[in-house]
Amino acid sequence: MNVYEKKVLDTAVVAGHILLENGAEISRVEETMERITKAYGVESGNYFVLSSGIFTTAGNELGDGFANVKYIPLSSAKLDKVVAVNQLSREISEGAYTVEEARIRLSEIQAMKGKPKWAQILAAALGSGCFCALFGGDIFDSITAFLVGLILYIFVLNIGTVHLSKIVANLSGGAIVSLLAILLYQLGLGHHFEYVIIGSIIPLIPGMSFTNGIRDIANGDYLAGLVRMIDALLITFSAAMGVGLVLGIYNQITGGVLL
């Protein structure tokens, strides 16, 4: 296997890494890697993709081989990078990039910055308020959920994802939601406590991971799909445990049910 073919396979691995790391489903990763290698004339590539790793092999009739294993831990989705790699793979198929140019473009995609923290916090707060209204809350409940979601995501971005494990971060997030909702409810800001909690907890729910897990299973990638679904369920249960823990302690202290 010559240097050119190895560069092509390395380029495909980098593209697959970006896709898998940022929330793409397994079939998309495999299809993109195959599309890139075939566009550059390499037909011997074989790809085995799991939810947390990519295994790539290739060879020729002379016995020269290529093998690459990439470990990719589960992380949050960044769909702008997925879209960018998809577009790049289409342009590669059309002959718009050399291998070297494609590698430079992939490096640029990897270096793409996510949304600023203030935008993420504002989006979480708006989402919390809107979901509260969607589930039946009134305007005061939505305002309360907006405030709770705002504080929750400040915690998530500055403490939860930086200093805590995934389980502890989501358990703590659920507890913060309940604690703030109780406080604001007692101050008379919200009218329906249950809708405030439901709306405020939504930013912690990994809906995309769960959906991709179902899609992977539907595509026959059972192992990867189950891993993603278990990870999503674990996060959900952790957040629910945080909510239940605070509510249980509050009920024990007050001697009655809050709702």
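Look above for the structure.
Residues numbered from 1 in each chain as written. Predicted model: local features only at pLDDT ≥ 70, side-chain atom pairs only at ≥ 80, totals over all residues. Heavy atoms only, no water.

A. Broad picture of the overall build of the protein chain. Each helix and strand counted, the protein chain has ten helices and three strands in total. Shown N-terminal to C-terminal, the secondary structure of the protein chain runs as helices and strands in the order α-α-β-β-β-α-α-α-α-α-α-α-α. Counting only C-alpha atoms and orienting by the principal axes, one finds that the protein chain spans roughly 80 × 30 × 30 Å. Burial analysis of the protein chain (259 residues in total) assigns 41% to the buried set. By sequence separation, contacts in the protein chain at least 24 residues apart represent 67% of the contacts at least 6 residues apart. Mean positive and mean negative side-chain charge positions of the protein chain (17 and 22 charges, respectively) differ by 5 Å. (Helix = DSSP H or I, 4+ residues; strand = E, 2+ residues; numbered from the N terminus. Buried < 20%, exposed > 50% of the residue type's maximum accessible area, 1.4 Å probe, protein only. Contact = heavy atoms within 4.5 Å. Lys, Arg positive; Asp, Glu negative; His and termini not counted. Charge placed at Lys NZ, Arg CZ, Asp CG, Glu CD.)

B. Local environment of the packing of helix α5 (residues 117–134) against helix α6 (residues 139–163). Close contact between α5 and α6 brings their axes to 7 Å; oriented N to C, the two are set at 145 degrees. Handedness of the crossing formed by α5 with α6: right-handed. Residues Lys117, Gln120, Ile121, Leu122, Ala124, Ala125, Leu126, Ser128, Gly129, Cys132 and Ala133 of α5 pack against Asp141, Ser142, Ala145, Phe146, Gly149, Leu150, Tyr153, Ile154, Leu157 and Asn158 of α6. Taken together, the residues that form the contact of α5 with α6 break down as 13 nonpolar, six polar and two charged. (Axes fitted to C-alpha atoms, helices over the stretch in contact; angles between N-to-C directions. Left-handed = near helix turned anticlockwise from the far one by under 90°. Nonpolar A, V, L, I, M, F, W, Y, C, P; charged D, E, K, R; others polar.)

C. Examining the nonpolar core more closely. Core analysis: the biggest nonpolar cluster contains 32 residues, and Val29 and Leu106 have the highest contact counts within it. When contributions to this core are tallied by element, the ones reaching two or more residues are α1 (3–21), α2 (26–39), β1 (46–50), β2 (53–59), α3 (79–93) and α4 (99–110). Per-element tally for this core: the top contributor is α1, with nine residues. Membership of the second largest hydrophobic core comes to 23 residues, among which are Tyr153, Val156, Ala175 and Val177. (Core = buried A, V, L, I, M, F, W, Y, C linked by side-chain atoms within 4.5 Å.)

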